[in-house]
Amino acid sequence: MMKWTTLPSTVAESVDEIEIVIDDCVLSFTENRNEKLLYDELNKRLLELERSVDILQSKLEMIQSKAEEFQIAVEEKEEILLRIDWLHRLYEAKEQLEKVDTKEKAKQLRRSISGVQTCPLKKQLMNEIKTIEASLPSEKKSEPSMEEKTMERAIQHAGKDFINLGRAGREYVIQQVLANEGEKIEIEQIKQVTVQVEKQVETLKEVDDLSEMISQLMQLPLPLFPKFEADRQKAIAERLLESKLWNGLATLERMIKHLDRLLTKEQKEKEEEENTIVTDDGKAALVLNIENDEQASIVKVT
């Protein structure tokens, strides 16, 4: 059997006040702790909070602060931050219970925590919200707007092509018809505008120019695309030019959302790769400090 204690090894020591200057840039190493131990510690603390029905805000804020120490374990950090967000939502809901005075507010509060993982505090809040909602008088429904009335008619009678536009597409069609026809709207007019929108989406597959693709996307009822910065719009348009696999407005909207998430992930991975040194013993984070061009220090990497 191999005796591991006899194998040659080295121990990293702390080195301070050493200047490293490369082309007028100062490099410094940031200590990278054992993130498995960090995850185990934060997981234990979160479990304590998740099993309690009390608001432990100060403890939660301490956990959130510690979670920022993750540098390599991206998935573990995302899990911890998600659970922190869930607890924040539960605490906020508990504080808002006393302010609930209508059934609609009770429903909104219930929706705000419905996606939170099951835990004692969530069960308690859901039961309390249900009790409050049952005790409140029924609300008088306000008269639906012309847009709401038209939307209801269209969903019932305009056919599956209209429904398949997605929410943003349906709202766009109704707004267009109302703007052009006023209150005298026929279902056939809604169908015609629906066909026009889908035809415009299909025509996108014939576009080969990047600028033209961006321009066409901006004209479609795609609520997310116009909000992107110019670089992200360009990157998404390039991917769409390469893969013209959408089939209708709703599919195109889902593709854009997917590409946005994919590009964000690729950018994060690139930044991590550029700022990570891979050694035989693991990884260490490399931090470039350009604010102080006079000195830098290297600390022990574990």
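The notes below deal with the structure included here. This is a predicted model, so every value here is computed, not measured.

## Some points on the pattern of salt bridges
Next up, step 1: This structure, assessed with the given rule, holds 18 salt bridges.
Next up, step 2: The partner of R83 in a salt bridge is E50, with the nearest N and O atoms 2.8 Å apart. Of this pair, R83 sits in helix α3 (residues 74-96) while E50 sits in helix α1 (residues 35-50); the two residues are 33 residues apart in sequence, bridging distant segments of the chain.
Next up, step 3: For R83, a relative accessible area of 6% corresponds to the buried category.
Next up, step 4: Overall, the relative accessible area of 8% leaves E50 in the buried class.
Next up, step 5: Connected through salt bridges with shared partners, the residues E50, E79 and R83 form a single ionic network.

## Describing the packing of α1 against helix α2 (residues 57-67)
Next up, step 1: Where α1 contacts α2, the two axes come as close as 10 Å, and the packing angle between them is 160°. The pairing of α1 with α2 is recorded here as roughly antiparallel in orientation. Here α1 runs over α2; the crossing is left-handed. Judged by residue contacts, L38, E41, L42, R45, L46, E48 and L49 of α1 engage K59, L60, I63, K66 and A67 from α2.
Next up, step 2: Taken together, the residues that form the contact of α1 with α2 break down as seven nonpolar, no polar and five charged.

## Some details on the nonpolar core
Next up, step 1: Counting 35 residues, the largest nonpolar core has F162, I190, L217, L240, L252 and I256 as the members making the most contacts within it.
Next up, step 2: Taken together, the elements giving at least two residues each to this core come down to α6 (146-157), α8 (166-181), α9 (187-203), α10 (210-219), α11 (230-242) and α12 (249-274).
Next up, step 3: It is α12 that provides the largest number of residues to this core, a total of six residues.
Next up, step 4: Once residues lying within four places of it in the same chain are set aside, the contact partners of L240 are L217, W246, L252, M255, I256 and L259.
Next up, step 5: Core analysis: the second largest hydrophobic core is formed by 28 residues, Y39, F70, C119 and L125 among them.

## Things to note about the packing of aromatic side chains
Next up, step 1: The tally for this structure, following the rule as stated, stands at one aromatic pair.
Next up, step 2: A ring pair is formed by F225 and F228, whose centres lie 6.3 Å apart and whose planes are at 85°; its orientation type is edge-to-face.

Criteria and thresholds
- Here, residues in each chain are numbered from 1, in the same order as that chain's written sequence.
- Residue-level local features of this predicted model are given only where pLDDT is at least 70; pairs of side-chain atoms are given and counted only at 80 or more, and the full residue set underlies all totals for whole chains, interfaces and linings.
- Side-chain calculation: all heavy atoms of the structure are included, whereas hydrogens and water are not.
- What makes a salt bridge here is a side-chain nitrogen of Lys or Arg within 4 Å of a carboxyl oxygen of Asp or Glu, nothing more.
- Numbered from the N terminus, helices here are DSSP runs of H or I no shorter than four residues, and strands are runs of E no shorter than two.
- Three exposure classes are used, based on accessible area relative to the maximum for each residue type with a 1.4 Å probe and protein chains only: buried under 20%, partly exposed in between, and exposed over 50%.
- Fitted lines through C-alpha atoms serve as axes, helices being fitted only where they are in contact, and the angles separating the N-to-C directions of these axes extend from 0 to 180 degrees.
- If an angle is under 35 degrees, it is roughly parallel; if it is over 145, roughly antiparallel; if it lies from 65 to 115, roughly perpendicular; otherwise it is oblique.
- Take the far helix as your reference; a near helix turned counterclockwise from it by less than a right angle gives a left-handed crossing, and one turned clockwise gives a right-handed crossing.
- Only heavy atoms matter for contacts: two residues are in contact if any of them lie within 4.5 Å across the pair.
- Three categories are distinguished: nonpolar for Ala, Val, Leu, Ile, Met, Phe, Trp, Tyr, Cys and Pro, charged for Asp, Glu, Lys and Arg, and polar for the others, with Gly belonging to the last.
- Buried residues of nine kinds, namely Ala, Val, Leu, Ile, Met, Phe, Trp, Tyr and Cys, make up a nonpolar core once their side-chain atoms join them within 4.5 Å.
- Between 30 and 60 degrees the pair is tilted, below 30 it is stacked and above 60 it is edge-to-face, where a pair is any two Phe, Tyr or Trp rings, Trp via its six-membered ring, whose centres lie within 6.5 Å.

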